[in-house]
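Take a look at the letters that make up each chain.
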Amino acid sequence: MELTRAEDSLATAIHQARMSRQPIASRAEDWAVNLAGAYRIQRARVPDAHCIGYKLGLISPAKQRQMGLDQPIYGRISRAMIRERVINLSDFVQPRLEPELAVVLRRPLPASAEPGMAVRAVGGIFLGVDILDSVWADYRFSAVEVIADNASGGGFLLGERVPDRMPDGELRLYLNGELRAAGPVAALGNLAQQLCWLAQAVGGLAAGQIIFLGSPAPAIPAASGVLEVMLGDDIVQAQLEGAG
Amino acid sequence: MPEQPVTEVAIAELAQRLDRAWEERFTISPLTESAGISDAATAYRIQTHWTELRLGRGERIIGRKIGLTSKAVQEQMGVNEPDYGTLWASRYFPAVGGRAEAPFEVFLQPRVEGEIAFLIGETLDWPDITPQQVLAATEALAAAIEIVDSRIERWRIKLADTIADNASYGGLTIGAWSKALRSSDLRTIGMVMSHNGRPAVFGAGAAALGHPALAVAWLANKLRSFGIPLRAGDIVISGALAATVPAQRGDLFMLEMHGQPPISLRFV
């Protein structure tokens, strides 16, 4: 898949910022790239063959309006982005943390899927952490810029328990024992509808794909120490090391 | 020093040697000593050949077992990954009302272990499978008693000996499949194994490689490296949760796992 000259220069700017770990200033709409072009840029970074899932972003209508959108955005997840217990923050440019839920599909979900099919395709729901990592300085970006930057996708953590239904209650994120972010699961919206929207947007989802459902709470800056996300009686813990 | 690859003829001869020991019930000296087999890859060739030999005589595969999942056992064997074997249907002892019986005389030097069994509901066939993908593809789980046994004299096994010897498989029985167990915390789920009415060993899910689903993910990736996906309908026993207990004729073992009906195995 070929990128246009304008798309290529935006992709290159993002790539260089990530490689040098130096944030870059937003140029808003100056890139002459549209939303479809921005999604082509993230697809060039994580090609379909390496895409093991997606993250949803901007799931609240209020945030969508702020960005001039009327639907969520998505980013692509590669296997290397799935992290385990110890995370080195110096791998990232401007890491921030969000408490999330993620589903793993046990069956494929075609682009034309109905909500009932989406529910049956879900194999499990897990606690998760989205380690956001925008290259755009202070997370100030246009819709095109954030989408081209893979919806700020940096790293991901997953819990190891499968509740038997969509949990409810409050997702809470602690850093070094202090409660830093919290939000209700209800704010994630309707799971089946979100999955159908994503399946249609990406042309179908495959069995085994991992989908992070977005955060009900604002992101907080990452810092070294102990990270914990809790919901009900489930918990995910990790050790964050290095700068931050 | 580069090693010569072991010929197919030698692989077949060693598989037959193990099969005779299994069928005619005698122990043999370690293959690492008598045949100079030292690497895991060659040992898996022997194991695979042995399974094919048995399939040719009507044996059926019902799934896989994962061994060497505890840190302590790995250190003792000087390895840093588990191994796997194949569950042969001829040594599956069904439990009726939670009670199973196994004829003692078919074994050589049996020991028992308490484990968590996975029933795979969807085939896992992609690279780098994660524990969460395993859980999502799991239909149900159950408590299981595995009988481990060794065709190698006095259990004098090194890594290649146990891999070639079908990961020291002896037999198994499985409790009722539970969908609810899937939503338990498999890391902290506890078990007690009693031996002739007395509690003998205790364990928790985390004993199997930190999390039983992590052990199954390892298996799925290992099998896939040999071109075999973990398939819908496969049973996987995911590794011992406590020390093994030696069994004698007439012994009765009882496995109690948190939230599950007890399951007993008697050697008759």
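Quick note: structure is the one above.
Residues numbered from 1 in each chain as written. Chains lettered and ligands numbered in written order. Predicted model: local features only at pLDDT ≥ 70, side-chain atom pairs only at ≥ 80, totals over all residues.

Peer 1: Lay out the overall build of chain B in plain terms, naming residues and giving numbers.
Peer 2: Secondary structure summary: chain B contains 7 helices and 12 strands in total. The C-alpha radius of gyration of chain B comes to 18 Å, within 12% of the 18 Å expected for a compact globule of 268 residues. Over its C-alpha atoms, taken along the principal directions, chain B stretches across nearly 50 × 45 × 35 Å. For chain B, the proportion of its 268 residues judged to be buried stands at 47%. (Helix = DSSP H or I, 4+ residues; strand = E, 2+ residues; numbered from the N terminus. Rg over C-alpha atoms; globule rule 2.2 N^0.38 Å. Buried ≥ 20, exposed ≤ 12 C-beta atoms within 10 Å, placed from the backbone.)

Peer 1: How would you summarise the overall build of chain A if you had to cite specific residues and measurements?
Peer 2: In terms of helices and strands, chain A carries 6 helices and 12 strands. For 244 residues, the compact-globule formula gives about 18 Å, and the C-alpha radius of gyration of chain A, at 17 Å, lands near that figure. Expressed as lengths along the three principal axes of its C-alpha atoms, the size of chain A is roughly 50 × 45 × 35 Å. By residue count, 44% of the 244 residues in chain A fall in the buried class. Sequence separation of 24 or more characterises 76% of the internal contacts of chain A that already satisfy a separation of 6 or more. (Contact = placed C-beta atoms within 7 Å.)

Peer 1: Tell me about the interface of chain B and chain A, residues and numbers included.
Peer 2: Facing 18 residues of chain B, the contacting portion of chain A comprises 18 residues. A total of 5 residues in the side of chain B that touches chain A trace back to one element, the largest contributor, which is helix α5 (residues 131-136) of chain B. Taken together, the residues of the side of chain B that touches chain A sort by class into 7 nonpolar, 6 polar and 5 charged. (Nonpolar A, V, L, I, M, F, W, Y, C, P; charged D, E, K, R; others polar.)

Peer 1: Tell me about the sheet that holds strand β3 (residues 99-102) of chain B, and name the residues and values.
Peer 2: Residues and elements named next belong to chain B. The strand order across the open sheet built from 5 strands is β3-β12-β11-β7-β8, with neighbouring strands paired in mixed fashion. Pairing within the sheet leaves two strands with one partner each, and these edge strands are β3 and β8 (198-204). Going across the sheet, the axis of each strand differs from the next one's by a mean of 20°, ignoring polarity. (Pairing = 2+ DSSP bridges. Axes fitted to C-alpha atoms, helices over the stretch in contact; angles between N-to-C directions.)

Peer 1: Provide a residue-level description of the environment of I120 of chain B, including the pertinent values.
Peer 2: Residues and elements named next belong to chain B. Along the chain, the position of I120 falls in strand β4 (residues 111-120). As a C-alpha pair, I120 and A232 span 112 residues in sequence and 5.1 Å in three-dimensional space. Setting aside residues no more than four positions away along its own chain, I120 makes contact with A137, T138, E139, L230, R231, A232, G233, D234 and V236.

Peer 1: A description of the nonpolar core should follow, citing residues and the corresponding values.
Peer 2: Residue and element names in this part refer to chain B. Ranked by size, the top nonpolar core spans 145 residues in total, and within it A117 and L219 carry the most contacts. Looking at this core element by element, the count peaks at 9 residues for helix α7 (residues 212-225). Setting aside residues no more than four positions away along its own chain, L219 makes contact with R64, I66, Y84, L230 and V236. (Core = buried A, V, L, I, M, F, W, Y, C linked by C-beta atoms within 7 Å.)

Peer 1: Before we move on, could you go through the sheet that holds strand β7 (residues 170-175) of chain A and cite the residues and values that matter?
Peer 2: Whenever strands of a sheet pair, they do so through backbone hydrogen bonds, lying parallel or antiparallel. Residues and elements named next belong to chain A. The strand order across the open sheet formed by 5 strands is β3-β12-β11-β7-β8, and the pairing between neighbours is mixed. Edge strands, defined here as strands with exactly one partner in the open sheet, are β3 (86-88) and β8 (178-184). Averaged over all adjacent pairs, the angle separating strand axes in this sheet is 20°, with direction ignored. With 4 bridges connecting them, β7 and strand β11 (residues 225-231) associate as antiparallel partners. Bridge pairing links L173 to V229 in β11.

Peer 1: Describe in detail unusual backbone geometry, supporting the description with residues and values.
Peer 2: Even without glycine at this site, A28 of chain A takes up a positive phi of about 50°. Tracing the sequence through the fold places A28 of chain A in the loop between α1 (5-20) and α2 (35-45). Positive phi, normally seen in glycine, also occurs at W155 of chain B, with a value near 55°. For W155 of chain B, the position within the fold is in the loop between β5 (138-148) and α6 (159-164). W155 of chain B gets classed as partly exposed once you count the C-beta atoms within 10 Å, which come to 18.

Peer 1: Provide a residue-level description of helix α3 (residues 40-55) of chain B, including the pertinent values.
Peer 2: All names here are of chain B. With 16 residues, α3 ought to run about 22 Å at 1.5 Å a step, and its terminal C-alpha atoms sit 22 Å apart, in line with that. Taken together, the buried positions of α3 are T42, A43, R45, I46, Q47, H49, W50 and R54. Where α3 is buried, its residues contact α1 (8-24), β2 (83-88) and α6. (Expected span 1.5 Å × (residues − 1).)

Peer 1: Help me get a handle on the packing of α1 of chain A against α2 of chain A, residues and values and all.
Peer 2: Residue and element names in this part refer to chain A. Between α1 and α2, the least distance of the axes is 10 Å, while the angle of their chain directions is 55°. On the basis of the axis angle, α1 is oblique to α2. Remark: the crossing between α1 and α2 carries right-handed chirality. Between α1 and α2, the residues in contact are E7, L10 and A11 and G37, R40, I41 and A44, respectively. Looking at side-chain class alone, the contact of α1 with α2 contains 4 nonpolar, 1 polar and 2 charged residues. (Parallel < 35°, antiparallel > 145°, perpendicular 65-115°, else oblique. Left-handed = near helix turned anticlockwise from the far one by under 90°.)

Peer 1: Tell me about the environment of V6 of chain B, and name the residues and values.
Peer 2: Residues and elements named next belong to chain B. You can see V6 is positioned in the segment before α1. Given 19 C-beta atoms within a 10 Å radius, V6 is considered partly exposed. Between the alpha carbons of V6 and R99 there is a distance of 44 Å; along the sequence they are 93 residues apart. Residue contacts for V6: discarding those within four places in its chain leaves I11 and T42.

Peer 1: Would you mind going over the pairing of strand β1 (residues 51-57) of chain A in detail, with residue names and values included?
Peer 2: All names here are of chain A. Across the 7 residues of β1, 6 count as buried, placing the element largely inside the fold. Taken together, the 6 bridges between β1 and strand β2 (residues 73-78) define a ladder with antiparallel strand orientation. Of the residues in β2, the one forming a bridge with Y54 is R76. Here β1 runs beside strand β9 (residues 210-212); their pairing, made up of 3 bridges, is parallel. Paired with Y54 across the two strands is I211, which belongs to β9.

On their own, these measurements won't tell you what the molecule is for.
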